[in-house]
Number of protein chains: 6
Amino acid sequence: MSLENLLPLELIDKCVGSQIWVIMNSGKEFVGKLIGFDDYVNMVLEEVTEIDPGEGDRKLTKILLNGNNICMMVPGGDGKIVFEDK
Amino acid sequence: MSLENLLPLELIDKCVGSQIWVIMNSGKEFVGKLIGFDDYVNMVLEEVTEIDPGEGDRKLTKILLNGNNICMMVPGGDGKIVFEDK
Amino acid sequence: MSLENLLPLELIDKCVGSQIWVIMNSGKEFVGKLIGFDDYVNMVLEEVTEIDPGEGDRKLTKILLNGNNICMMVPGGDGKIVFEDK
Amino acid sequence: MSLENLLPLELIDKCVGSQIWVIMNSGKEFVGKLIGFDDYVNMVLEEVTEIDPGEGDRKLTKILLNGNNICMMVPGGDGKIVFEDK
Amino acid sequence: MSLENLLPLELIDKCVGSQIWVIMNSGKEFVGKLIGFDDYVNMVLEEVTEIDPGEGDRKLTKILLNGNNICMMVPGGDGKIVFEDK
Amino acid sequence: MSLENLLPLELIDKCVGSQIWVIMNSGKEFVGKLIGFDDYVNMVLEEVTEIDPGEGDRKLTKILLNGNNICMMVPGGDGKIVFEDK
């Protein structure tokens with residue numbers, strides 16, 4: 001089992017420099033390049049798109065996301081969802 | 001009593017490599033294989049299905065869930081619920 | 001006053017092996033046997049019933065509840081409520 | 001100014017053995033005798049009344065309230081509110 | 001820049017003995033005299049008015065507010081809002 | 001990759017003395033000059049505008065925002081949003 005074990009901070013570290021998809025507790029969703037993080041899972045993203053199906057997407061150059069309020073992070077995610085058959 | 005005592009982190013540790021079912025505070029539900037966690041109960045899951053009865057399920061290769069916002073974890077759970085008679 | 005003083009973790013410790021009733025922040029309610037906890041008030045329950053007046057109760061063998069998101073714990077509680085006269 | 005200075009934990013400590021009124025983040029309200037607390041502002045109450053104007057009050061012998069999710073504590077409060085003229 | 005730098009706890013410390021306006025995460029708002037705080041931004045207020053435009057204001061002699069659940073603090077604020085032209 | 005790495009607290013530190021845009025968990029939004037912060041991402045802002053499309057903006061001289069409840073911080077942001085084509 002140890003071969004496939006991956007710590008949360010290791011996963012985040014592998015994502016630095018790559019695109020990630022982040023969903024906040026409030027439901028806000030962001031796709032952008034991760035350029036930094038810390039032990040509290042605070043993250044700095046660059047070239048960000050905030051995804052909002054209702055209002056339309058918006059672009060942000062650089063943002064800080066508060067780790068406290070991050071719900072889920074998907075490496076390489078682009079916020080486009082493929083649904084399965086029900 | 002000591003025979004049946006089980007610490008929270010011990011329970012999570014026993015689940016590494018196995019399927020778990022996680023319900024977030026926001027109501028989001030995920031089933032996937034646990035491949036890592038830390039003392040903050042942050043979790044890395046692989047081969048994930050996000051369960052959404054309304055929108056349909058979706059598949060995610062690998063995700064990080066923020067321990068802060070996890071409500072409940074069920075070992076071996078598959079997100080299929082058997083209701084009791086009322 | 002010292003005779004009746006009872007620390008939060010002492011109260012939880014007295015409940016190990018017994019039935020407790022837990023209400024989460026999100027409103028979810030569980031009754032089950034407490035088999036472990038830690039300083040963050042994370043709890044492991046066994047022989048659990050999730051109480052849902054709307055959907056019907058459901059049984060879960062073993063669960064982890066995240067201390068962060070626990071609102072209230074009632075020792076010996078069974079989730080059945082006796083209302084007072086208004 | 002130093003004469004009137006009162007630290008949060010000092011205020012809670014003065015309340016041990018007395019009735020307090022606690023409002024949780026979720027809106028739940030409790031009145032009961034404080035019999036213990038810790039540095040995380042977790043509290044143990046005895047002879048508790050949960051105040052619910054809609055459903056009617058309910059009595060609970062002893063409860064643990066999670067400090068994380070406490071919004072406000074009022075020493076000596078009884079949950080009965082006197083409104084001012086608007 | 002260093003001349004105008006002001007740390008969060010320095011700002012709170014300057015407010016001890018003075019009136020502040022606090023908005024909680026849940027939307028509850030309080031105006032009162034700050035008589036103590038700690039590193040978790042827990043606050044003790046005296047001569048408090050809870051501001052509720054819908055229900056009417058209410059007076060509270062002394063309260064503890066949980067720092068976790070404080071959203072914003074305004075020094076000297078009185079909860080009366082002057083709107084700008086749109 | 002190391003050249004473009006930027007830690008969350010480094011990003012905040014670069015913003016001291018400049019305008020930032022902060023969105024709270026509750027949805028509240030503020031634009032103002034950052035004059036201080038700490039390791040918990042608590043922030044002190046000056047010359048603040050609370051942005052409320054529904055009620056109209058309001059001005060606040062100086063405020064403390066609780067890091068716990070900050071969702072996102074945008075350096076140089078002015079709360080004016082440019083939407084992309086859908």
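A quick note: this is a predicted structure, and the numbers were derived from the prediction, not measured.

Caption draft 1: The arrangement of the overall build of chain A in detail. A count of helices and strands for chain A gives one helix and five strands. Helices (α) and strands (β) of chain A occur, in sequence order from the N terminus, as α-β-β-β-β-β. The buried share among the 86 residues of chain A stands at 55%. Summarising the internal contacts of chain A: among those between residues at least 6 apart in sequence, 42% fall at separations of at least 24.

Caption draft 2: Representation of the pairing of strand 3 (residues 43-51) of chain A. Residue and element names in this part refer to chain A. Of all the nine residues making up strand 3, eight are buried; the element is thus mostly covered by neighbouring parts of the structure. Relative to strand 3, strand 2 (residues 29-37) runs antiparallel, the two being bridged by seven bridges. Residue pairing in the sheet places V31 in a bridge with T49 of strand 3. Hairpin connection, strand 2 to strand 3: the antiparallel pair is bridged by five residues, and V41 has positive phi, about 70°.

Caption draft 3: Quick look at the relation of the copies chain D and chain E. At an RMSD of 0.0 Å, chain D and chain E line up after a rotation of 60° and a shift of 0.0 Å along the axis. Such a turn and shift between the copies fits a six-fold axis. Taking the C-alpha atom as reference, chain D places N68 of chain D closest to the rotation axis, 6.5 Å from it.

Caption draft 4: How the structure looks around helix 1 (residues 8-15) of chain B. Here helix 1 of chain B has its buried residues at P8, L11, I12 and C15 of chain B. Viewed end-on, helix 1 of chain B has its buried residues packed into an arc of 95°, placing them on one side of the element.

Caption draft 5: Examining the environment of D39 of chain A more closely. Topologically, D39 of chain A is positioned in the loop between strand 2 and strand 3. When the C-alpha atoms of D39 of chain A and G67 of chain A are compared, they prove to be 8.9 Å apart, with 28 residues separating the residues in sequence.

Caption draft 6: Local environment of the interface of chain A and chain B. If you look at the interface, chain A gives 26 residues, while chain B gives 32 residues. Interface of chain A and chain B: buried area, both sides summed, is about 2,400 Å²; carbon and sulfur atoms make up 59% of it. Summed over the shared surface of chain A and chain B, the number is zero salt bridges. Summed over the shared surface of chain A and chain B, the result is nine residue pairs in polar contact (both at pLDDT 80 or more). If you list the elements that add at least two residues to the side of chain A that touches chain B, you get helix 1 (8-15), strand 1 (19-24) and strand 5 (70-75) of chain A. With six residues, the top contributor of residues to the side of chain A that touches chain B is strand 5 of chain A. Among the residues forming the side of chain A that touches chain B, the class breakdown is 18 nonpolar, five polar and three charged. Across two bridges, strand 5 of chain A lies against strand 4 (residues 58-65) of chain B in antiparallel orientation. Each residue of the ladder has a partner; that of M72 of chain A, found in strand 4 of chain B, is L65 of chain B.

What counts and what doesn't
- Residues numbered from 1 in each chain as written.
- Chains lettered and ligands numbered in written order.
- Predicted model: local features only at pLDDT ≥ 70, side-chain atom pairs only at ≥ 80, totals over all residues.
- Heavy atoms only, no water.
- Helix = DSSP H or I, 4+ residues; strand = E, 2+ residues; numbered from the N terminus.
- Buried < 20%, exposed > 50% of the residue type's maximum accessible area, 1.4 Å probe, protein only.
- Contact = heavy atoms within 4.5 Å.
- Pairing = 2+ DSSP bridges.
- Least-squares fit on C-alpha atoms with pLDDT ≥ 70 in both.
- Arc of directions from axis to C-beta.
- Buried area = accessible area lost by both parts, 1.4 Å probe.
- Salt bridge = Lys/Arg side-chain N within 4 Å of Asp/Glu carboxyl O.
- Polar contact = N/O pair within 3.5 Å; in protein donor to acceptor, adjacent residues only side chain to side chain.
- Nonpolar A, V, L, I, M, F, W, Y, C, P; charged D, E, K, R; others polar.

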